[in-house]
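Structural description and commentary
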Amino acid sequence: MLSPSTYQPRGALGAGRALSDLTWLRVGGPADWFFQPADAQDLAAFLAGLPENIAVFPMGVGSNLIVRDGGLRAVVIRLGRGFNAITFEGNRVTAGAAALDAHVARKAAAEGLDLTFLRTIPGSVGGAVRMNAGCYGTYVADHLVEIGVVTRTGAVRTIKATDLGLAYRQSDLPEGWVITHAVFEAASGDPVELEARMADQLAKRDASQPTKERSAGSTFRNPAGFSSTGRADDVHDLKAWKVIDDAGMRGARLGGAQMSEMHSNFLINAGGATASDLEGLGEEVRKKVLLNSGIELQWEIMRVGER
């Protein structure tokens, strides 16, 4: 097997890395190559020397991802310790792309800065930016100032949030570009009050979502086109869980995959599921919902690789 680059990286580069243990759903085949860069300079040099015909897939902590059973014909890039710093300057928070969303929220709260919406979002900052993650009516787009990226050709750039085309669960970031850090603007708040708000959010989440199961968060985007607001007057008619319930698919199973009994928009590995089980059940849910309500659910979980 040919080396993917003439550059000798300072980070860890290996072939045939199994990815199943790196995703929350614990499924998926191997990546052709797996690279953990030491820092942004190491990443840039590696990508600059990577042949154009080799695909690149940036991977976070695998919280919103199904890797198919055949694995990935690509270089999977996973950021680690060189990309998880969190710093503060005035009302701005700079977080490395590998920093966990929950950790950013907690650290910011301790500094008297309100990024509490990140507390219950699974995953890391890079994924949150790419998917414009949000909850309780607040999104990454509401706070994001700019991001640092390394392009597929190894160029290091800064991109303003307004140039990312951020919308509900999507952005216009080109394929193969790797986010290295993000800068957020946060309102000031009392650390004690911010901590109490996050504790309340966590309690609500744990009471309504299968947080102790192997899941990848919300499976489908809400047809209404926005996240739950958390308010008492929130409308549920066009929420994904509601149309799944109406189609009779709460608790549905296929092999080791199941739509959670607790929250029907959560696809879980109930034991021994394959990626094929999980994706197949999701597609069956989409078919039943379309037949029942005429609504075509869109996947929120990213599915990648070969079957």
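Here is a short report on the structure shown in this document. (Residues numbered from 1 in each chain as written. Predicted model: local features only at pLDDT ≥ 70, side-chain atom pairs only at ≥ 80, totals over all residues. Heavy atoms only, no water.)

Take the overall build of the protein next. Looking only at helices and strands, the protein has 6 helices and 19 strands in total. Its C-alpha atoms give the protein a radius of gyration of 19 Å, near enough to 19 Å, the size a compact globule of 307 residues would have. Buried residues in the protein amount to 50% of all 307 residues. Considering only contacts within the protein whose residues lie at least 6 apart along the sequence, 64% involve residues at least 24 apart. Entry remark: accessible area of the protein is about 13800 Å², with carbon and sulfur atoms responsible for 49%. (Helix = DSSP H or I, 4+ residues; strand = E, 2+ residues; numbered from the N terminus. Rg over C-alpha atoms; globule rule 2.2 N^0.38 Å. Buried < 20%, exposed > 50% of the residue type's maximum accessible area, 1.4 Å probe, protein only. Contact = heavy atoms within 4.5 Å. Areas by Shrake-Rupley, 256 points an atom, 1.4 Å probe, with all protein chains shown as cover.)

Time to look at the sheet that holds strand β7 (residues 92-96). Read across the sheet, 5 strands follow the order β6-β7-β13-β11-β12 without closing on themselves; strand pairing throughout is antiparallel. The open sheet has two edge strands with one neighbour each: β6 (86-89) and β12 (156-160). With direction set aside, neighbouring strand axes in the sheet form an average angle of 20 degrees. Across 4 bridges, the pairing between β6 and β7 is antiparallel. Among the inter-strand pairings, I86 is bridged to a residue of β7, identified as A95. Strands β6 and β7 of the sheet are contacted by helix α2 (residues 101-110), whose axis makes an angle of about 35 degrees with β6. (Pairing = 2+ DSSP bridges. Axes fitted to C-alpha atoms, helices over the stretch in contact; angles between N-to-C directions.)

Summed over all chains, the structure comprises 2 aromatic pairs. Summarising the aromatic geometry, the rings of F220 and W299 are spaced 5.0 Å apart at their centres and angled 55 degrees between planes, so their arrangement reads as tilted. Placement of the pair is F220 in the loop between β15 (215-218) and α5 (240-246) and W299 in the loop between α6 (275-293) and β19 (302-304), with a sequence separation of 79 residues. Owing to a relative accessible area of 8%, W299 belongs among the buried residues under this scheme. In this structure, R17 is placed above the aromatic ring of F34, and the distance from its NZ or CZ to the ring centre is 5.3 Å. (Phe/Tyr/Trp six-rings, centres within 6.5 Å; stacked < 30°, edge-to-face > 60°. Lys NZ or Arg CZ within 6 Å of the ring centre and 35° of its normal.)

With that settled, consider unusual backbone geometry. One non-glycine residue, N132, lies in positive phi territory at about 45 degrees. Structurally, the position occupied by N132 is in the loop between α3 (125-130) and β9 (134-135). Phi is positive for R169, which is not a glycine, with a value near 60 degrees. Among the secondary structure elements, R169 is positioned in the loop between β12 and β13 (178-185). Judged by relative accessible area, R169 falls into the buried class, the value being 9%.

One pass over the full model with this rule turns up 18 salt bridges. Between K160 and E146 there is a salt bridge, and its shortest N-O distance comes to 3.1 Å. One end of the pair, K160, is in strand β12; the other, E146, is in strand β11 (residues 144-150), with 14 residues separating them in the sequence. A relative accessible area of 43% means that K160 is categorised as partly exposed. (Salt bridge = Lys/Arg side-chain N within 4 Å of Asp/Glu carboxyl O.)

Quick look at the environment of D101 now. Relative to the elements of secondary structure, D101 occurs in helix α2. For the pair D101 and K160, spaced 59 residues apart in the sequence, the C-alpha separation amounts to 20 Å. Every residue in contact with D101, bar those within four places of it in the chain, is listed here: L118, I121, P122, G123, S124, V125 and A128. At 3.3 Å, the side chain of D101 forms a polar contact with the backbone nitrogen of V125. (Polar contact = N/O pair within 3.5 Å; in protein donor to acceptor, adjacent residues only side chain to side chain.)

Bringing the sheet that holds β15 into the picture now. Pairing within the open sheet is antiparallel, and its 4 strands lie in the order β15-β18-β17-β16. The sheet terminates laterally at β15 and β16 (253-254), the two strands that pair on one side only. Across 3 bridges, strand β17 (residues 257-259) lies against strand β18 (residues 266-269) in antiparallel orientation. Pairing of Q258 across the sheet is with I268, part of β18. On top of the sheet, α6 reaches β16, β17 and β18; it is set at about 35 degrees to β17, its chief contact.

Our next topic: the packing of α2 against helix α4 (residues 191-208). α4 packs onto α2 with a crossing angle of 155 degrees between their chain directions and a minimal axis gap of 8 Å. For the element pair α2 / α4, the angle class is roughly antiparallel. Contact with α2, carried on its side by A105, R106, A109 and A110, involves P191, L194 and M198 of α4 and no other residues of that element. Residue composition of the contact of α2 with α4, by class: 6 nonpolar, no polar and 1 charged. (Parallel < 35°, antiparallel > 145°, perpendicular 65-115°, else oblique. Nonpolar A, V, L, I, M, F, W, Y, C, P; charged D, E, K, R; others polar.)

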